[in-house]
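Architecture and fold: a report
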Amino acid sequence: MRLPFLSKALKGQTVDLSKSDYQEEHRMLALYLEQSDAWRKQDGTHFIWGYDPSSVEASVPILKRTKEAGGRMMTAIGERLANITPISQHDFFVTQGDLPFLYSLATMLSCRQPEFTPQQIQHLLMLSMRSQACSWTFGKDSLTSMIVGAAKRQGLTPEIKKAIDAIIEAYEEETRRTHLSKEDQRSLARLRAVRESQDPNAHPLNEPWQAPLATEETRLLEFIRHCATASGKTPSEKWKKVAAGILARFETNDLLALFEQSLAGVRKMEVPVDAAHSSMLRGYCWMIGLIKSPRAAFLLGEMLLACNHKLTGFGARSQKGFSACVIALEQMGEVYALAELSKARAKVKTPSLADHLLSTLNHAAAQQNISLEELEEIILPTFELDVPGIKNLGFGDSQATLEIVGTSEVELRWTKAGKPVKSAPAHVKAEFKQELAELTRTKKEIESALSAQKARLESLFMIDRSWPYPLWRERHIDHPLMANMTRRLVWRFLTAKGEVLGIATDGVPLDIEDKPIEGLDENAEVRLWHPLDAGVSAVEAWREYIVDHEIRQPFKQAHREVYILTDAERTTGIYSNRFAAHVLKQHQCAALMRARGWRYQLQGWFDSQSIPTLALRQHGLRAEYFVEVSENDPAMMTSESGIATYVISDQLRFLDLENNAVRLDEIPAKVFSEVLRDVDLFVGVCSVGNDASWFDQGERMGFGAYWQSFSFGDLSATAETRKAILGRLLPRLSLANVAHIDGRFLVVRGKRRTYKIHLGSSNILMEPNDQYLCIVSAPDKELKTETIYLPFEGDRTMAVILSKALMLADDDKIKDPTILSQLER
């Protein structure tokens, strides 16, 4: 990285090596360059990519020098580089001259952490200012590391202060011309921190997460300094021993409260944690990990997610912080700590970080000689809830009730003297501050755990997992956290008399006729039921049962779409084109893919292809759904960072562990169906055909014909299921007298017009001339369908259709001028 403020007086000057203070080093370098040149002539290569300096004998004494001697050698290299005038940076790799050999040697030496004196740093700074070749090797980032190291060893000498000011000036000048990279921003922050501190060993507390530490810096000085010494992937025994001694001098609750405030600070950060502060954050997390308590584990789990949070243009807030939390939770070794890792696994989507979590959990499972699935069931917390998910707490004459009321929602209710009140009474807020804070934390913990468990339960559809009946009851039906979800699912019971399907809404497994299932003893086995496990008549019967009993399943099960291999797919053999040629909103699709466990990196017009991939580790397979940026897209739409707004879908295929394509008819039926269901979801949710605003701009953007065909065309499997459900529900709704299903549409008769709502896209046509009606969907929380029973959670399009239908049935009450102007055309 070249310094941008080359002095005219210095530019072009060379260094007289005969007057250098580093004669011995230059003698060794001359021999090294002589042998390197001989190697080049013998090899006859045209380009030198990644030349290995250790391949010549003369490099051995150079590379074996002490850190102090390494600083002298690096300075001598800088002097030689200052005498080279390269044509371009490409000269690093061409065969002519000494540049590639000096650069390779400097790179290898820098890995040995040489130490520089203030005079050497100032000398290298001046050389970099006058020489392009030298500035490539000793740029601002390299000089920053040298300065910080020298300041810690020798203090802020005049030479170091002068060098710091010069590089800060270079950064500030560059900031006026362009946007600094995140590496440059970190280097600049490090330099300013050192410059502002009279003590180079002090640790500036200038980031939001450090604010709580800064307020009590004097009292916490020993704690802060030990946190800053954290290095390596895991804390050493010596480090932990010192940490334990420090922790013993503080109140545990005070430190946890402090860490919670730091967690809030991390969540506010819009740039990553600075490299200069990463070690302190790592040590901070390790210290909290030595406090073995459920609250400490929960806070580390939340910090893990906060550090994992992706910042646009930067990446994760802090990978070191993330890894430190994982290590701290793993080393706790308690059930509640592993539960936090399991909970996080459902939320962390960055591939490298997700792999770290999975590896840690697999290691914990292997230590206990059980599977990962078994471990995740064992470590499920109960939060001291009663079955099925209720907890009562007394606060004087008032009582708080926590109750799981949905898949991942927890309701907090209050009573005072036996009468309901809207919120915590004043005396509770005044007299039970700590208990009230703990109650609020518990509510958040339960909601977070429920979200993770819903994803884990749904993943069982692709795993042939069974439980002995008593164990199934313990981990599902009678588990306080799980019961609210598992009692609304249909299960397969294999008894001595055969297999029976049943549901246990009140804790007692009942069959389709509401009769208790017999033969459920320790020899009976239980599995989660998938519609592919039964015939069409059984599936229809259970759908009727779910609707008749008004059971709302946590996700689609009885009404789950199934995808059977088609004749066209048997012909193509190794790929499916069922969901090809769709125009998808890339950012929305990427987010949904990651939420469903797929891996995908956003694509731009500038980079290579990224393939959405789902690992099917239990089956030794992976699925790939090809999407690409369309080179024919006339709009060429991208975000500010160059990411394409839209992608075009292509084929879906499966590969084995050796990257061989697997025939579709060899894929297990449930695996095939579940993967295609995911892909159908991506298309159904992310297709531009769902965007009501595309009606007026589709032709301009080049996808008008596609938008029209998707918006009002044939129904997908998901939409067909939606149609069947609406057919059952419509007679029960207030819409029954003004609405009916006609082919692909829900037809609603309003006071002004008659409307046709497409059951796939939720887009609307108005009779009699099929005039398009644009109504942009409201946010989820504003969709007015709370009082309408649906047999499952999670179908937003169903909610949008019903919300639009309810509004249009009373179209004489519509006041929105945008909608009214369309109705009156």
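Refer to the structure printed above.
Report on the accompanying structure. Note that this is a predicted model, so its numbers are computed, not measured.

1. Considering the overall build of the chain
The secondary structure content of the chain amounts to 32 helices and 20 strands. Here the chain holds 825 residues, and the buried ones make up 52% of them. Residue pairs in contact within the chain that sit at least 24 positions apart in sequence constitute 69% of those at least 6 positions apart. For the chain, the computed accessible surface area is about 38,000 Å², with 50% contributed by carbon and sulfur atoms.

2. A short note on the packing of helix H16 (residues 319-332) against helix H18 (residues 351-367)
Two quantities define a packed helix pair, namely the angle between the helix axes and the distance between the axes. It is the contact of H16 with H18, at a shortest axis distance of 11 Å, that shows an interaxial angle of 10°. Judged by the inter-axis angle, H16 sits roughly parallel to H18. Taken together, the residues of H18 that come into contact with H16 (itself represented by Gln319, Phe322, Ser323, Val326 and Glu330) are Leu353, His356, Leu357, Thr360 and His363. A breakdown of the residues in the contact of H16 with H18 according to their chemical character gives 4 nonpolar, 5 polar and 1 charged.

3. Observations regarding the pattern of salt bridges
Evaluated as defined, the whole model comprises 55 salt bridges. Of the charged contacts in the structure, one is a salt bridge between Arg570 and Asp567, with a shortest N-O distance of 3.3 Å. Taken together, the residues Arg570 and Asp567, both in helix H25 (residues 567-572) and 3 residues apart, mark about one turn of the helix. Arg570 sits in the partly exposed class, given a relative accessible area of 43%. Between Arg663 and Asp665 there is a salt bridge, and its shortest N-O distance comes to 3.4 Å. By relative accessible area, which is 35% here, Arg663 ends up partly exposed. Look at Asp665 and you get partly exposed, because its relative accessible area is 46%. Linked through salt bridges whose partners overlap, the residues forming this network are Glu458, Lys556, Arg560, Glu561, Arg596, Glu674, Arg677, Asp678, Arg722 and Asp795.

4. Some thoughts on the environment of Phe322
Along the chain, Phe322 falls in helix H16. Given the relative accessible area of 0%, Phe322 is considered buried. A sequence separation of 16 residues divides Phe322 from Ala306, and the C-alpha atoms of the two residues are 8.2 Å apart. In contact with Phe322, not counting residues within four places along its chain, are Leu304, Cys307, Asn308, Val348, Leu353, His356 and Leu357.

5. Overview of the nonpolar core
For soluble globular proteins, the rule of thumb is that nonpolar side chains tend to be buried together. Core analysis: the biggest nonpolar cluster contains 64 residues, and Trp209, Leu213, Phe223, Tyr284, Leu300, Leu304 and Val348 have the highest contact counts within it. With 10 residues, the single largest contributor to this core is helix H15 (residues 294-308). For Leu300, the contacting residues outside a window of four places in its chain are Phe259, Cys285, Ile288, Gly289, Cys325, Ala328, Leu329 and Met332. Counting residues in hydrophobic clusters, the runner-up holds 48 residues, among them Met28, Ala58, Ala76 and Ala150.

6. With respect to the state of the cysteines
As enumerated under the stated definition, the model contains 0 disulfides in all. Free of any disulfide, Cys285 has its nearest cysteine sulfur in Cys325, 3.6 Å distant. In this structure Cys686 is a free cysteine whose sulfur lies 4.2 Å from that of Cys589, the closest cysteine sulfur available. Among the residues examined, Cys686 registers a relative accessible area of 0% and is labelled buried.

7. What about the sheet that holds strand S20 (residues 771-773)?
Within the open sheet, the 5 strands sit side by side as S16-S17-S18-S19-S20. Their pairing is antiparallel. Both outer strands of the open sheet, strand S16 (739-742) and S20, are each paired with one neighbouring strand and no more. When the angles between neighbouring strand axes are averaged without regard to direction, this sheet yields 30°. Relative to S20, strand S19 (residues 764-767) runs antiparallel, the two being bridged by 3 bridges. Its bridge partner being in S20, Leu765 is matched across the sheet by Tyr772.

8. Considering the pairing of strand S9 (residues 498-503)
Each regular strand displays side chains that alternate between the two surfaces of the sheet. Relative to S9, strand S8 (residues 490-495) runs antiparallel, the two sharing 6 bridges. Its bridge partner lying in S9, Trp491 is registered against Gly502. Linkage of S8 to S9, two consecutive antiparallel strands, is achieved through a turn of 2 residues.

9. Regarding H15
Over its 15 residues, H15 runs 21 Å from end to end, which matches the ideal 21 Å to within 8%, given 1.5 Å per residue. Of all 15 residues that make up H15, 14 are buried, and the element is covered over most of its length.

Cut-offs used in this document
Residues numbered from 1 in each chain as written. Predicted model: local features only at pLDDT ≥ 70, side-chain atom pairs only at ≥ 80, totals over all residues. Heavy atoms only, no water. Helix = DSSP H or I, 4+ residues; strand = E, 2+ residues; numbered from the N terminus. Buried < 20%, exposed > 50% of the residue type's maximum accessible area, 1.4 Å probe, protein only. Contact = heavy atoms within 4.5 Å. Areas by Shrake-Rupley, 256 points an atom, 1.4 Å probe, with all protein chains shown as cover. Axes fitted to C-alpha atoms, helices over the stretch in contact; angles between N-to-C directions. Parallel < 35°, antiparallel > 145°, perpendicular 65-115°, else oblique. Nonpolar A, V, L, I, M, F, W, Y, C, P; charged D, E, K, R; others polar. Salt bridge = Lys/Arg side-chain N within 4 Å of Asp/Glu carboxyl O. Core = buried A, V, L, I, M, F, W, Y, C linked by side-chain atoms within 4.5 Å. Disulfide = S-S within 2.5 Å. Pairing = 2+ DSSP bridges. Expected span 1.5 Å × (residues − 1).

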